[in-house]
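Single-letter residue listing:
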Amino acid sequence: MNSVPLRWRDAMDRALYGPDGFFVGGAGPAGHFRTSAHASPAFAAAVFRLVSRLDAALGFPAPFDLVDVGAGRGELLVALATLADEAAAPDTAPSGTSPPPVPLADRLRLTAVELASRPPDLPPAIDWTTEAPTGITGLLLATEWLDNVPVDVAVPTETGWRYVLVDPSTGEETPGPPLTEEDQTWLTRWHPTSGPGGRVEVGRGRDLAWAGVVERLRRGVALGVDYGHLRRARPAGGTLTGYRGGRQVPPVPDGSCDVTAHVAMDSAAAAGERVAGCAYTLMSQREALRALGADGGRPPLSLAGTDPAGYLRALAAASAVAELTDPAGLGGHWWLLQPVGVAVDALMAR
């Protein structure tokens, strides 16, 4: 029996974050799809370089907040905490600056923001909460979070743009009510379309979500990493899809699969900029990782003759970075950096 059709935003919210939602129970995101944070330690290493540079730029604050919104099972925070423990104090400061008086590992305040229950094996030093804290000084991470913020879908009809309704149990769609004035305004500004039969994911709710976490920053950087697109090249027909067990599946919002859509990155960026009062920086993951020291270059073949084990390690590291920077895969991510009280240019200088 079919269930009552819902707007896609409401269906996604229930399917992903309801009592039996996809992200609330089960194995978590890592059990169903591959993210940059799960793919390779090279991603965490690059983010840690950003953390170290930001720590110095902020004057080595105590505490230094490291907040992960949409933390999954806390994997990235665990990796970053481990890197902080392993780092020698003099290495945490960029060239030309003095080392911090107290090692970063002793000043880190780690917070995972997630609706799922706290994993039983999570280190006790990581706080687990359903809402980002306020007054953050440090780095706020949102890696592949915005693409799972529930989004409405709209289609043009003879009587104007209307929301798409979806049956949560089957995925069957029907036209619904007209767009609100706010969503129509967003559509006109950020997603111009041409021709009949167009289909659009309305990103206004994601703009509000991003602005909401940016306003939690007192000083530092909010970093959003996600698949996305820009106004000049929105994908025709939208990007809504599903994932289950590592495979792409139809986006049926019944709680059995991830339901996701790419992010209108420039629209979200503008919303964060309005809140922060500072210009944002938007770059490809390939550019960002190279700026943070992960270039993916193959080691010289001569190394194989002098240090075979070292050559194999370097080759494996290069392969991992290559996956993270492949534009057809994870390298298709955008990095959105929204600073508050600090300059991004110096942080992302190669």
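Residues numbered from 1 in each chain as written. Predicted model: local features only at pLDDT ≥ 70, side-chain atom pairs only at ≥ 80, totals over all residues. Heavy atoms only, no water.

> Can you walk me through the environment of Val-78 in this structure?
By secondary structure assignment, the location of Val-78 is in helix α4 (residues 75–86). In this structure the C-alpha to C-alpha distance between Val-78 and Pro-123, which are 45 residues apart in sequence, comes to 7.7 Å. (Helix = DSSP H or I, 4+ residues; strand = E, 2+ residues; numbered from the N terminus.)

> How do you make sense of helix α3 (residues 41–57) when you look at a structure like this?
The terminal C-alpha atoms of α3, which comprises 17 residues, lie 24 Å apart, in line with the 24 Å expected from a rise of 1.5 Å per residue. Most of α3 sits inside the fold, with 12 of its 17 residues counted as buried. Every buried residue of α3 is listed here: Ala-42, Phe-43, Ala-44, Ala-46, Val-47, Phe-48, Leu-50, Val-51, Ser-52, Leu-54, Asp-55 and Ala-56. Once α3 ends, the next one or two residues include Gly-59, with phi positive near 85 degrees. (Expected span 1.5 Å × (residues − 1). Buried < 20%, exposed > 50% of the residue type's maximum accessible area, 1.4 Å probe, protein only.)

> Explain the nonpolar core here, please?
Of all hydrophobic cores here, the largest spans 40 residues; its most connected members are Leu-66, Leu-139, Trp-335 and Met-348. In terms of residue count, α3 provides more of this core than any other element does, eight residues in total. The contact partners of Leu-139, leaving out residues within four places of it in the chain, are Val-47, Leu-50, Val-51, Leu-54, Phe-64, Asp-65, Leu-66, Val-67, Val-221 and Leu-223. By size, the runner-up hydrophobic cluster in this structure holds 24 residues, among which are Val-67, Val-113, Ala-132 and Ala-209. (Core = buried A, V, L, I, M, F, W, Y, C linked by side-chain atoms within 4.5 Å. Contact = heavy atoms within 4.5 Å.)

> Which parts of the structure should I look at to understand the pattern of salt bridges?
Side-chain pairs of opposite charge can arise where the charged atoms are in close proximity. One pass over the structure, following the stated rule, counts nine salt bridges. Arg-199 is paired through a salt bridge with Glu-173; the nearest N and O atoms lie 2.7 Å apart. In this pair, Arg-199 is assigned in the loop between α6 (181–190) and β9 (200–202) and Glu-173 in strand β8 (residues 173–178), connecting sequence segments 26 residues apart. In this structure Glu-173 comes out as partly exposed when scored by relative accessible area, which is 32%. Between Arg-234 and Asp-266 there is a salt bridge, and its shortest N-O distance comes to 2.9 Å. You can see Arg-234 sitting in the loop between β10 (217–229) and β11 (241–244) and its partner Asp-266 sitting in helix α8 (residues 265–276), a full 32 residues away along the chain. Of the residues examined, Arg-234 reaches a relative accessible area of 12% and is grouped as buried. (Salt bridge = Lys/Arg side-chain N within 4 Å of Asp/Glu carboxyl O.)

> Looking at this structure, I do not really get the pairing of strand β3 (residues 108–113). What am I missing?
Put simply, side chains in a regular strand alternate between the two faces of the sheet. Extensive coverage of β3 is indicated by the burial of five of its six residues. Taken together, the six bridges between strand β2 (residues 64–69) and β3 define a ladder with parallel strand orientation. Counted as the bridge partner of Phe-64 is Leu-108 from β3. Bridge count for β3 against strand β4 (residues 126–129) is four bridges, and the pairing is parallel. For Thr-111, the partnering residue across the bridge sits in β4 and is Asp-127. (Pairing = 2+ DSSP bridges.)

> Looking at this structure, I do not really get the pairing of β11. What am I missing?
Of the strand pairs in this sheet, β11 and strand β13 (residues 258–260) are connected by three bridges, and their pairing is antiparallel. Within β13, the position partnered with Tyr-243 by the bridge is Asp-258. Here β11 runs beside strand β12 (residues 247–249); their pairing, made up of three bridges, is antiparallel. Residue pairing for β12: Tyr-243 is matched across the bridge by Gln-248.

> How should the side chain of Asp-183 be read in this particular structure?
If you trace the backbone, Asp-183 turns up in helix α6. Within the local environment of Asp-183, its side chain forms a polar contact with the side chain of Arg-204, the two groups lying 2.6 Å apart. If near-sequence neighbours (up to four positions away) are discounted, Asp-183 is found in contact with Arg-7, Asp-152, Tyr-163, Val-202 and Arg-204. (Polar contact = N/O pair within 3.5 Å; in protein donor to acceptor, adjacent residues only side chain to side chain.)

> Teacher, can you tell me more about the environment of Arg-7 here?
Within the secondary structure, Arg-7 sits in strand β1 (residues 6–7). On a C-alpha basis, the gap between Arg-7 and Val-164 in space is 6.0 Å, while along the polypeptide they are 157 residues apart. Excluding its chain neighbours within four sequence positions, the residues that come into contact with Arg-7 are Asp-152, Tyr-163, Val-164, Leu-165 and Asp-183. Separated by 2.7 Å, the side chains of Arg-7 and Asp-152 make a polar contact.

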